[in-house]
Amino acid sequence: MKRSDFPANFIWGTATSAYQIEGAVSEDGRGPSIWDTFSHTPGKTKGGDHGDVACDHYHRYPEDIALMKELGVNAYRFSVAWPRILPEGRGRVNPRGLDFYNRLVDALLEQGITPWATLYHWDLPQSLEDQGGWPSRETAYAFAEYADLVTRHLGDRVKHWITLNEPWCSAYLGYHAGIHAPGQQNFKHSIWASHHLLLAHGLAVPVIRRNVTGARVGITLNLSPGYPASPDPADVAAARRFDGFQNRWYLDPLYGLGYPADMLALYGEAPSVQGDDLITIAAPTDFLGINYYSRAVVRNSDLEPYRFQYVRVGEEHTDMDWEVYPEGLYDLLIRLGREYRPKAIYITENGAAYPDAVADDGGIHDLERVRYFQRHLALCLEALQHGAPLKGYFAWSLLDNFEWAEGYAKRFGLVYVDFPSQRRRIKASGYWFRDFLREAVASS
Ligand SMILES: N=NNCCOCCOc1ccc(-c2cn(C[C@@H]3NC[C@@H](O)[C@H]3O)nn2)cc1
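Treat the numbers as computed from the prediction; the structure is a model and nothing was measured.

### Points about the pairing of strand β5 (residues 216–222)
Both faces of the sheet carry side chains from a regular strand, because those side chains alternate between them. Summarising burial for β5: six of the seven residues are buried, a large majority. Sheet topology places strand β4 (residues 160–165) next to β5; four bridges connect them, and they run parallel. Within β5, the position partnered with His 160 by the bridge is Arg 216. Pairing analysis gives five bridges linking β5 to strand β7 (residues 287–292), with the strands arranged parallel. Across the sheet, residue Gly 218 finds its bridge partner in β7, namely Phe 287.

Put into structure tokens, the structure is as follows:
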């Protein structure tokens, strides 16, 4: 499998997010986010890690853009930090926050790299959380105001907009499992949060289109195909419940089907739908972003409210203990193409964490990650050849960074970061990606 097997206009990028790489959390007027609060709460992140400095990208972005250039990507997916733009979430605008993203976008364009901006990648301004957070409908309205402000300032140069990153993580991990910010464990709040996140997306889509000539708007979901642990009908039904929990709860409303009836019945908890919300949420989009890491294998369980249990399977796992299962990406792409018929699909994240170390020769020989990328790209190509509307791929991630509750212990980067010195080193996987992307040049 080589680059020239893919369409010539296929997008090849890398992805990051603001809180995971920027640092400078109190610089130039940035306000606190729920991840500042959560990561500084004892016991919430591995080793008490936080994003105060992270990869110091706020200051080192020129060097990081040079690394993207060396890798040969033609696009870069980053996120805009809401608390840099609106430190209290609404109202007072922080011009120095906007200035940073102006500098970043201009520097990317200067290097011929197309900016893809995610408006929300989990760093909700703490003041909005204090007023109710995503369980409150007001937060959806605040998001639409934020989207209006940012796209009015960057929309002349940024044409690709992702409203939300992984609303499932924000709602479930943040408000029910409690392992992500804000760390609540309240099922009803997680259901209301999921609805207001989707509503926020739907309110923002027309705003972005109004502000950005030629806008391409979408949302990014972390989707996992669910497989039953056995042919037992109870396990097959559990896999369907997992699919509703992880995938259909978001896909169905986004594609005009409303909330899945089986999950509404299972949850017995209605989302806080009002008026035309479901029409708003189903605002037509130009693409669906998919973050794919692994599949889920589940069996039946009486564990309320989801009534499935994960089963650990497979011979090969990443440092996140996720099974390496590229076939799941193929199955997912084919299903989405057939069942939801998005205009386009972009893999907005795919990658793997491994315990990388600097070898005696100074290199980072992450051959498992090279293999992970090769296998997943091969399945992307196969799905594309079988009709999936796949138009691009963003590797997660450009840099080793703050992996949320796992802190800096989990390294996903194509580029190794020695955090004490902030020195960057391209890993073997980065060089592999560079050579893979150069192939078309050599053969054209
Ligand atoms: N499978 N068993 N689960 C059982 C329940 O586990 C509880 C923990 O759940 C999860 C599930 C999913 C994730 C996750 C992380 N990323 C990687 C980020 N994506 C956006 C970008 O910021 C990357 O850093 N994507 N998804 C983490 C934890």
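### Some thoughts on the confidence of the model for the protein
Across the protein, pLDDT averages 98, with 99% of residues at or above 70. Note on the complex model: pTM 0.98, ipTM 0.93.

### Side note on the environment of His 121
One can find His 121 in the loop between β3 (114–120) and α6 (126–130). Along the backbone, His 121 and Asp 64 are 57 residues apart, and their C-alpha atoms lie at a distance of 20 Å. Ignoring anything within four residues of it in the chain, the contact list for His 121 reads Thr 16, Ser 17, Gln 20, Arg 77, Ser 79, Asn 165, Glu 349 and Trp 404. Among the polar contacts listed, one links the side chain of His 121 to the side chain of Asn 165, at a separation of 3.1 Å.

### Concerning the site of the ligand
With respect to spatial proximity, 14 residues lie near the ligand, and among them Gln 20, His 121, Glu 349, Glu 403 and Trp 404 are the closest. The separation between an oxygen atom of the ligand and a polar side-chain atom of Trp 404 is 2.8 Å. Of the residues in the shell around the ligand, the class split is eight nonpolar, three polar and three charged.

### With respect to the UniProt feature "active site" (unreviewed entry) in the protein
Per the UniProt record, "active site" (unreviewed entry) is annotated on Glu 166 and Glu 349. The annotated residues occupy 184 residues of the chain but converge on a single region, no pair of C-alpha atoms lying more than 10.5 Å apart. Residue placement: Glu 166 occurs in the loop between β4 and α8 (167–177). Once residues within four sequence positions are removed from consideration, Glu 166 is found in contact with Trp 122, Thr 220, Leu 221, Asn 222, Asn 291, Tyr 293 and Glu 349. Tracing the backbone through its elements, the reader meets Glu 349 in strand β10 (residues 345–350). Ignoring any residue separated from it by four or fewer positions in sequence, one finds Glu 349 in contact with Ala 15, Arg 77, His 121, Asn 165, Glu 166, Ile 290, Asn 291, Tyr 292, Tyr 293, Phe 394 and Trp 396. For Glu 349, the side chain forms a polar contact with the side chain of Arg 77, separated by 3.0 Å.

### Here's the deal with the UniProt feature "binding site: substrate" (unreviewed entry) in the protein
The positions UniProt marks with the feature "binding site: substrate" (unreviewed entry) are Gln 20, His 121, Asn 165, Tyr 293, Trp 396, Glu 403 and Trp 404. Its place among the elements puts Tyr 293 in the loop between β7 and β8 (296–300). The class of Tyr 293 is buried, set by a relative accessible area of 13%. Ignoring any residue separated from it by four or fewer positions in sequence, one finds Tyr 293 in contact with Glu 166, Trp 322, Glu 323, Glu 349, Gly 351, Tyr 372, Trp 396 and Phe 412.

### Thoughts on the packing of aromatic side chains
The geometry of an aromatic ring pair comes down to the distance between the two centres and the angle between the two planes. In total, this model carries 56 aromatic pairs according to the counting rule given. Judged by centre distance (6.3 Å) and plane angle (45 degrees), the rings of Tyr 306 and Phe 308 are tilted. In this structure an aromatic cluster arises from ring pairing among Trp 168, Tyr 172, Phe 187, Phe 242, Phe 245, Trp 249, Tyr 259, Tyr 267, Tyr 306, Phe 308 and Tyr 310. A cation sits over an aromatic face here: Arg 84 above Phe 100, 6.0 Å from the ring centre.

### A look at helix α3 (residues 57–71)
Under the 1.5 Å per step criterion, the end-to-end length of α3 is only 17 Å for 15 residues, more than 12% shorter than the ideal 21 Å. The sharpest bend along α3 reaches about 40 degrees and sits at Glu 63. Turning to α3, its buried residues number three or more, namely His 57, Tyr 58, Tyr 61, Asp 64, Ile 65, Leu 67, Met 68 and Leu 71.

### Some details on the state of the cysteines
Joining two cysteines, a disulfide is a covalent bond between their sulfur atoms. In total, this model carries zero disulfides according to the counting rule given. Left without a disulfide partner, Cys 169 is nearest to the cysteine sulfur of Cys 55, which lies 19 Å away.

### A short note on unusual backbone geometry
Following Ala 181, the chain continues to Pro 182 via a peptide bond in cis, the omega torsion being 5 degrees. Here the amide bond leading from Glu 304 into Pro 305 is cis, since omega sits at -5 degrees, within 30 degrees of zero. The residue Pro 305 is located in the loop between β8 and β9 (308–310) in this model. One non-glycine residue, Arg 341, lies in the positive phi region at around 50 degrees.

The rules behind each value
Residues numbered from 1 in each chain as written. Predicted model: local features only at pLDDT ≥ 70, side-chain atom pairs only at ≥ 80, totals over all residues. Heavy atoms only, no water. Buried < 20%, exposed > 50% of the residue type's maximum accessible area, 1.4 Å probe, protein only. Helix = DSSP H or I, 4+ residues; strand = E, 2+ residues; numbered from the N terminus. Pairing = 2+ DSSP bridges. pLDDT = per-residue confidence, 0-100. Contact = heavy atoms within 4.5 Å. Polar contact = N/O pair within 3.5 Å; in protein donor to acceptor, adjacent residues only side chain to side chain. Near = heavy atom within 4 Å. Nonpolar A, V, L, I, M, F, W, Y, C, P; charged D, E, K, R; others polar. UniProt positions renumbered as here; feature names shortened; annotations may be inferred. Phe/Tyr/Trp six-rings, centres within 6.5 Å; stacked < 30°, edge-to-face > 60°. Lys NZ or Arg CZ within 6 Å of the ring centre and 35° of its normal. Expected span 1.5 Å × (residues − 1). Bend = angle between axes of the 7 residues up to and from the residue. Disulfide = S-S within 2.5 Å.

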